[in-house]
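Fold and geometry: a report
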Amino acid sequence: MKIEEVQSTTKTARIAVHTHVKGLGLDVNGTALPIAAGLVGQEKAREACGVVVDLIKSKKMAGRALLLAGAPGTGKTALALGISQELGGKVPFCPMVGSEVYSSEVKKTEVLMENFRRAIGLRIKESKEVYEGEVVELTPEETENPLGGYGRTVSHVLVGLKTTKGTKTLRLDPSIYDGLQKESVTVGDVIYIEANSGAVKRVGRSDAFSTEFDLEAEEYVPLPKGDVHKKKEIVQDVTLHDLDASNAKPQGGQDVMSMMAAMGKPKKTEITEKLRTEINRVVNRYIDQGVAELVPGVLFVDEVHMLDIECFTFLNRALESSLSPIVVFATNRGVCNIRGTDVLAPHGVPVDLLDRMLIVRTMPYSVEEMVQIMSIRAAVESIEVEASGLKALGEIGARTSLRYSVQMLTPANIIAGTTGRNSVTEADVSEIDELFFDCKASARLLAKSDGYLK
């Protein structure tokens, strides 16, 4: 008999560049801890971002902007992701890159506006009357077919629902019986029926039947608490872009001409300002009635110097709008031309827009901080690295760049594996450093020779 070890079927998460970032790593007072939540160093920048998170949570930063400025590889994107992690999953976070706005189908300002709307959430609270419980009786009552013939039709259906407080028998319309059949409801299932629409939802099987079979693919739920007839509050999270997109699609007819027109349409249609204004009016009415609540999210624009003067003038207006998210920009440029003009400006952003921003500067990492970052990355990628190997990687990072030393981890692990070792040593790191060139070394080589072509 052959016995093999079976690999675990648990999901393995894909590891990305910023997988290790779990937050901003601040204590209760908002002071940055030296190493926490996957971030190392950058204490001033992290504390500044912590203040921004508090402003966002108190809803006092709508329409303002934050600029993360610093050299490449100093953790600007990591800080933006840290802000999104601190805000939690319910607050919309929409990342984009400055070069995304250039499209042959849609205007630049339309792409920006679409992302602005994606970053604004709407939490709609709805109060519904429902009948909820475990099905203890399900009896369809039949009568003679009124149209004659030998067939019989369902006149009504009797459903008994049980909760922890008691049992109630309901006499339901035949159309609701169709809903019960579609959901494959049987005795012992936990269901709820909406009182105003008659919609039926099967929640799962009652946990009283959990020992019925040794193995099956059912989800067991506890017996509902309270009365059978109750009011239930349902919370739905949507973004303003979802509302725009659902209302922008034209509802064509069933005739051939409508179908041909729909097929001939371009893939992407612009959403008009008139439609957006109409949706804003409806949203504001919901907010005034207390039915909905606005959740201003975060729009993260990386490489903001890639936007041109038209986009910047549009951003001036968009940031002043009543429905505006918190915008976080990031750039690694110093003084350079504003795209589309010959004007020099700090960070490649017009001065009037810079005036509206809070600017956070990220500083280059020291060798010790780079060593700490390398150990965190090695733990995330499940690679064992000896202390001497980490020190060597930190020194290479200081000489070249942090990104280059992070990229060396996996190749060094492969070299260690070929020699039959489980941990990466200093020798493996130096061998990989000899095999590959970083951008500075490659540039020096090109400067010595006159390019590759003679």
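Residues numbered from 1 in each chain as written. Predicted model: local features only at pLDDT ≥ 70, side-chain atom pairs only at ≥ 80, totals over all residues. Heavy atoms only, no water.

Labelled according to an unreviewed UniProt entry, the protein appears under the name RuvB-like helicase, originating from Triparma strigata. You can read under Subcellular location (unreviewed entry) in the UniProt record for the protein the words "Nucleus". UniProt's Catalytic activity (unreviewed entry) comment on the protein is quoted here verbatim: "ATP + H2O = ADP + phosphate + H(+)". (UniProt positions renumbered as here; feature names shortened; annotations may be inferred.)

**Things to note about the overall build of the protein**
A tally of helices and strands in the protein yields 15 helices and 19 strands. Within the protein, buried positions represent 40% of all 454 residues. Across the protein, every contact between residues at least 6 apart in sequence was considered, and the portion connecting residues at least 24 apart equals 67%. Of the roughly 26,600 Å² of accessible surface on the protein, a fraction of 54% belongs to carbon and sulfur atoms. (Helix = DSSP H or I, 4+ residues; strand = E, 2+ residues; numbered from the N terminus. Buried < 20%, exposed > 50% of the residue type's maximum accessible area, 1.4 Å probe, protein only. Contact = heavy atoms within 4.5 Å. Areas by Shrake-Rupley, 256 points an atom, 1.4 Å probe, with all protein chains shown as cover.)

**Quick look at helix α3 (residues 108-118)**
Among the eleven residues in α3, nine count as buried, and that is most of the element. For α3, the set of buried residues is K108, E110, V111, L112, M113, E114, N115, F116 and R117.

**Here we look at the packing of aromatic side chains**
Evaluation of the coordinates by the stated rule reveals one aromatic pair. Between F93 and F300, the aromatic rings sit 6.4 Å apart at their centres with planes inclined by 20°, giving stacked as the arrangement. Within this pair, whereas F93 is found in strand β4 (residues 93-97), its partner F300 is found in strand β13 (residues 298-302), the two being separated by 207 residues in sequence. Among the residues examined, F93 registers a relative accessible area of 23% and is labelled partly exposed. According to the relative accessible area criterion, F300 is buried, its value standing at 4%. Of note, R205 hangs over the ring of F209, and the distance from its end group to the ring centre comes to 4.6 Å. (Phe/Tyr/Trp six-rings, centres within 6.5 Å; stacked < 30°, edge-to-face > 60°. Lys NZ or Arg CZ within 6 Å of the ring centre and 35° of its normal.)

**Some thoughts on the pattern of salt bridges**
Tallying each qualifying case throughout the model produces 19 salt bridges. With a shortest N-O distance of 2.9 Å, D237 and R123 are connected by a salt bridge. Linking D237 in strand β11 (residues 229-239) with R123 in strand β5 (residues 120-144), this pair joins segments that are 114 residues apart in sequence. R123 sits in the buried class, given a relative accessible area of 19%. Three or more residues joined by partner-sharing salt bridges are found here, namely E110, R117, D244 and R276. (Salt bridge = Lys/Arg side-chain N within 4 Å of Asp/Glu carboxyl O.)

**A few points about helix α4 (residues 174-182)**
Buried residues of α4: I176, Y177 and L180, and no others. When α4 is viewed along its axis, its buried side chains cluster within an angular range of 110° and face the same direction. On the buried face of α4, the contacting elements are β5, β6 (152-162), β7 (167-172), β8 (189-194) and β9 (200-206). Directly after α4, the chain includes S184, whose backbone phi takes a positive value near 55°. (Arc of directions from axis to C-beta.)

**Here's the deal with the side chain of H20**
In this structure, H20 sits in the segment before β1 (35-36). At a separation of 3.0 Å, a polar atom in the side chain of H20 contacts the side chain of R377. H20 has contacts with A37, G38, I376, R377 and V380, leaving out every residue within four places of it along the chain. (Polar contact = N/O pair within 3.5 Å; in protein donor to acceptor, adjacent residues only side chain to side chain.)

**Comments concerning the sheet that holds β4**
As a general point, the strands of a sheet are linked pairwise by backbone hydrogen bonds and lie either parallel or antiparallel. If you trace the five strands from one edge of the open sheet to the other, you get β4-β13-β14-β3-β17, paired in parallel fashion. With partners counted over all chains shown, the strands left at the sheet margins are β4 and β17 (357-362), one partner each. On average, each strand axis in the sheet is tilted by 20° relative to the strand beside it, whichever way the strands run. Examined bridge by bridge, strand β3 (residues 65-70) and strand β14 (residues 326-331) share five bridges and lie parallel to one another. Looking across to β14, one finds that A69 is bridged to T331. Helix α1 (residues 43-57) contacts β3, β13, β14 and β17 of the sheet and is inclined by roughly 150° relative to β17. (Pairing = 2+ DSSP bridges. Axes fitted to C-alpha atoms, helices over the stretch in contact; angles between N-to-C directions.)

**Let's talk about the environment of L323**
Along the polypeptide, L323 turns up in the loop between α8 (309-319) and β14. Looking at L323, the relative accessible area reads 8%, which means it is buried. For the pair L323 and N280, spaced 43 residues apart in sequence, the C-alpha separation works out to 8.1 Å. If near-sequence neighbours (up to four positions away) are discounted, L323 is found in contact with R117, I120, L240, N280 and L294.

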